[in-house]
Amino acid sequence: MGLEELGLTADEEAVYQALIALPTAPYERIVAAAGLPDARVRAALDPLVGRGLVVRAGDGARYAAAPPAVALGAELALQRERLQRAELAVARLAETYRTATADRAQRELVEIVEGAEAIRTRYLQLQLSARDTIDILSAGEPAAVTPADSEEVTAIGRNVRVRAVIDQGFLKEPDAAQHVAQSLADGVQVRTVAEVPYKLILCDGAVAMLPLHGRGAPVDPAVVLRGGLAHVARELFEQVWQRGRPYQEPDVGGDALDPLDAHILRLLLAGFTDTAVAGQLGMSVRTLQRRLQALMVRAEATTRLQLGWYAHQHNWV
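One structure accompanies this document, and this report is about it.

Analysis parameters
Residues numbered from 1 in each chain as written. Predicted model: local features only at pLDDT ≥ 70, side-chain atom pairs only at ≥ 80, totals over all residues. Heavy atoms only, no water. Pairing = 2+ DSSP bridges. Helix = DSSP H or I, 4+ residues; strand = E, 2+ residues; numbered from the N terminus. Contact = heavy atoms within 4.5 Å. Axes fitted to C-alpha atoms, helices over the stretch in contact; angles between N-to-C directions. Parallel < 35°, antiparallel > 145°, perpendicular 65-115°, else oblique. Left-handed = near helix turned anticlockwise from the far one by under 90°. Nonpolar A, V, L, I, M, F, W, Y, C, P; charged D, E, K, R; others polar. Buried < 20%, exposed > 50% of the residue type's maximum accessible area, 1.4 Å probe, protein only. Salt bridge = Lys/Arg side-chain N within 4 Å of Asp/Glu carboxyl O. Polar contact = N/O pair within 3.5 Å; in protein donor to acceptor, adjacent residues only side chain to side chain. Core = buried A, V, L, I, M, F, W, Y, C linked by side-chain atoms within 4.5 Å. Patch = residues over 30% accessible without salt bridge, like charges linked within 9 Å, V, L, I, M, F, W, Y side chains within 5 Å. Areas by Shrake-Rupley, 256 points an atom, 1.4 Å probe, with all protein chains shown as cover.

## Observations concerning the sheet that holds strand E2 (residues 54-56)
Right, on to step 1. The strand order across the open sheet formed by 3 strands is E1-E3-E2, and the pairing between neighbours is antiparallel. Strands at the two margins of the open sheet, each flanked by one partner only, are strand E1 (25-26) and E2.

This is the structure:
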């Protein structure tokens, strides 16, 4: 019958149903009709009488059920009133939650990170949280985040694809070529361009971090973007990636280069002058040019343009 929804216990419901089918009945007959022990029937009758669902006869020995439409109708009306009040309360809570959530969502779209240590920490958190992809634009001198501040190897170990675009300013930094070579060995896909627009890290195409004031700005602060704003950063990265030149280790076959020669060719193809390449690799310009001449002889090239073509065709770079 489902009267528990109106607050009746199972015993009270059984007693009331028994009385509904009976005219005014003595207590013993109610016990028999309800199929319950005497003590449980007696315990159920008093609450039913108190709620007006059962009426005690004048002699006090007999009981009768009040008409359901009257007795239970009043209970239903009270339930409806309580439900209406609850619905109003829920509606108010829902509106409060909607407003708070909208404000919170707007705040979470953009997060300002201040201080070198906080930027470094958030950078590592983003790398460690990535599930599918990490895309990086590296420009100029590393400031808050250096090549040592990286969890790229950990991410790659979880089958996260890591891509990086580096520019000439980055490659001019001390030991930059060695750091890039290590990244390549770790499994990072690397391309070079003359200049990237911003330093950037983008994880899963959904969360990005970049300098708040753009390229060349001081370390402090950075901005973390989510949602549609991160999608803009994703489009920026893809455009830079598409126009980048692959920067890769040579194949390990019989025609493979000495690693130092490979570094020389990659830096030259990135647009560096002989002097800049020599300074980056810690050698004299004359030594650099001798090594280049030996490569041209090996490639049977008479110009550097021919050497570049040969290096590309034979997977030297």
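Here the narrative resumes.
## Observations concerning the environment of Cys-203
Right, on to step 1. Tracing the chain through its elements places Cys-203 in strand E8 (residues 200-203).
Right, on to step 2. Here Cys-203 is in contact with Leu-126, Gln-127, Ala-130, Thr-133 and Ile-134, once residues within four sequence places are set aside.

## Let's talk about the packing of helix H1 (residues 10-20) against helix H2 (residues 27-34)
Helix-helix packing is characterised by the crossing angle of the two axes and by the distance between the axes.
Right, on to step 1. Between H1 and H2, the least distance of the axes is 9 Å, while the angle of their chain directions is 110°. In terms of orientation, H1 and H2 fall into the roughly perpendicular class. Relative to H2, H1 is oriented so that their crossing is right-handed. Contact residues: H1 offers Ala-14, Val-15, Ala-18 and Leu-19, while H2 offers Ile-30, Ala-33 and Ala-34.
Right, on to step 2. Grouping the amino acids of the contact of H1 with H2 by side-chain chemistry returns 7 nonpolar, no polar and no charged.

## Some details on the side chain of Thr-192
Right, on to step 1. Tracing the backbone shows Thr-192 in strand E7 (residues 189-193).
Right, on to step 2. Overall, Thr-192 belongs to the buried group, its relative accessible area being 4%.

## Considering the sheet that holds strand E4 (residues 110-113)
Right, on to step 1. Ordered by their spatial adjacency, 8 strands build an open sheet running E4-E10-E9-E8-E5-E6-E7-E11, and the pairing between neighbours is mixed. Strands at the two margins of the open sheet, each flanked by one partner only, are E4 and strand E11 (245-246).

## Some points on the pattern of salt bridges
Right, on to step 1. Using the criterion set out here, one finds 12 salt bridges in the structure.
Right, on to step 2. Across the pair Arg-226 and Glu-111 runs a salt bridge whose closest N-O atoms are separated by 3.3 Å. Placement of the pair is Arg-226 in strand E10 (residues 222-226) and Glu-111 in strand E4, with a sequence separation of 115 residues.
Right, on to step 3. One salt bridge connects Arg-291 with Asp-258, and the closest N-O pair in it is separated by 3.6 Å. Residue Arg-291 is found in helix H12 (residues 285-299), and its partner Asp-258 is found in the loop between E11 and helix H10 (259-269); the two are separated by 33 residues along the sequence.
Right, on to step 4. Classification of Arg-291 by relative accessible area gives partly exposed; the value is 26%.

## A word on H10
Right, on to step 1. Burial in H10 covers these residues: Asp-261, Ala-262, His-263, Ile-264, Leu-265, Arg-266 and Leu-267.
Right, on to step 2. Residues of H10 that are buried make contact with helix H7 (168-171), helix H8 (176-186), helix H11 (274-281), H12 and helix H13 (304-313).
Right, on to step 3. The backbone nitrogen of Leu-260 lies 2.7 Å from a side-chain oxygen of the residue at the head of H10, namely Asp-258.
Right, on to step 4. Gly-271 sits one or two positions beyond H10 and adopts a positive phi of about 105°.

## A look at the nonpolar core
Right, on to step 1. Counting residues in hydrophobic clusters, the biggest one holds 48 residues, and the most contacted among them are Ile-134, Leu-307 and Trp-316.
Right, on to step 2. Per element, the largest residue contribution to this core is 5 residues, and it comes from H12.
Right, on to step 3. Excluding its chain neighbours within four sequence positions, the residues that come into contact with Ile-134 are Gln-127, Ala-155, Val-160, Arg-161, Val-162, Arg-163, Ile-201, Leu-202 and Cys-203.
Right, on to step 4. If you look at the next biggest cluster of nonpolar residues, it comprises 24 residues, including Leu-3, Ala-18, Ala-25 and Val-54.

## Structural notes on unusual backbone geometry
Right, on to step 1. In this structure, Asn-159 takes a positive phi of about 65° despite not being glycine.
Right, on to step 2. Mapping Asn-159 onto the fold places it in the loop between helix H6 (152-157) and strand E6 (161-167).
Right, on to step 3. Under the relative-accessibility criterion, Asn-159 is labelled exposed at 71%.

## Comments concerning a nonpolar patch on the surface
Right, on to step 1. A surface patch of nonpolar side chains, amounting to about 370 Å² of accessible area, comprises Leu-109, Val-110, Ile-112, Leu-212 and Leu-229.
Right, on to step 2. Relative to the helices and strands, Leu-109 is located in helix H4 (residues 68-109).

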